[in-house]
Each structure stands twice: as structure tokens, then as C-alpha cells.
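# Remarks on the overall topology
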Amino acid sequence: MQEALSNYILTEHVLKDIFVDSYTYGDFLKYLQKNHIQYLSDKNYARLKNSDNRLLLKQTQQVLEEQENKLVDAESKLETVLQKKS
């Protein structure tokens, strides 16, 4: 998603255009990058894999579910935008 969005921003010059909700394309790309580092990094994966802390695992699961829902919505929006350009 990050790569597709980045490519679209560069080719269509839409960095400051509104993408979804109140996010511009550029803001949303930064949001994706930040969340990837915060929740999906190799360091966090190793920490979770080696953890038996049920509270931490449950909290992480909830956050990831929320992120997945937002990602699905954004992917759908980006696909729609890309199809209109084709």
C-alpha cells in the first residue's frame, strides 16, 4: 500500500490533495509509515513472539484489527482512484 500510494503521489502530484477523511495523500502516507514502524517492525514482532503477556498480546491484537480496517478502507479508496485514472 505504501509503495502504490507513493507512486501515485509522485505521478499525479497529489501530495496535498485530500485522500480520505481529513488526510491528504502525503499525510496518509506518513501515517502508514509511522504505523508500520510502530506496530509491524521486526523488533516488535520478535517482542510479541517471545511474550507470554496476555494483556500485551490482546492490546496488540486490538490495535492491529483497527489498523487492518483502516487499511482495507484506504486500499479500496486508492483502487477506486487508480481505476478512474485508467
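Residues numbered from 1 in each chain as written. Predicted model: local features only at pLDDT ≥ 70, side-chain atom pairs only at ≥ 80, totals over all residues. Heavy atoms only, no water.

## Regarding the side chain of Asn44
Operational definition: Runs of E in the DSSP output that reach at least two residues are strands. Runs of H or I that reach at least four are helices, and both are numbered from the N terminus. Contacts are assigned to residue pairs that have any heavy atoms within 4.5 Å of one another.
Within the element layout of this structure, Asn44 appears in helix H3 (residues 42-49). Every residue in contact with Asn44, bar those within four places of it in the chain, is listed here: Ile37, Gln38 and Tyr39.

## Let's talk about the packing of helix H2 (residues 25-40) against helix H4 (residues 54-85)
To characterise two packed helices, one gives the angle between the axes of the helices and the distance between these axes. What counts here: For every element, the axis is a line fit to its C-alpha atoms; helices are fit only across the contacting stretch, and the angle between N-to-C directions ranges from 0 to 180 degrees. Left-handed describes a crossing in which the near helix is turned anticlockwise from the far one by less than a right angle; the clockwise case is right-handed. Here the nonpolar group is Ala, Val, Leu, Ile, Met, Phe, Trp, Tyr, Cys and Pro; Asp, Glu, Lys and Arg are the charged ones; every other residue, Gly included, is treated as polar.
Two numbers describe how H2 lies on H4: the axes approach to 12 Å, and their chain directions differ by 150 degrees. In terms of crossing hand, the pair formed by H2 and H4 is left-handed. Residues Tyr25, Phe28, Tyr31, Leu32, Asn35, Tyr39 and Leu40 of H2 touch H4, and the partners they reach there are Val63, Leu64, Gln67, Lys70, Leu71, Ala74 and Val81. Among the residues making up the contact of H2 with H4, the classes are represented as eleven nonpolar, two polar and one charged.

## Observations concerning the nonpolar core
Short version of the rule: What makes a nonpolar core is a set of buried Ala, Val, Leu, Ile, Met, Phe, Trp, Tyr and Cys residues whose side-chain atoms join them at distances within 4.5 Å. When a residue's accessible area, from a 1.4 Å probe over protein chains only, is under 20% of the maximum for its type it is buried; when over 50% it is exposed; and in between it is partly exposed.
Core analysis: the largest hydrophobic core is formed by 14 residues, its most contacted members being Leu5, Tyr8, Ile9, Phe19, Tyr25 and Phe28. Elements supplying a minimum of two residues to this core: helix H1 (2-12), strand E1 (18-20), H2 and H4. A per-element tally of this core places H2 first, with five residues. In this structure, Phe28 is in contact with Met1, Leu5, Phe19, Val20, Tyr23 and Ala74, ignoring residues within four places of it in sequence.

From the geometry alone we can't say anything about function, so treat these as descriptive.
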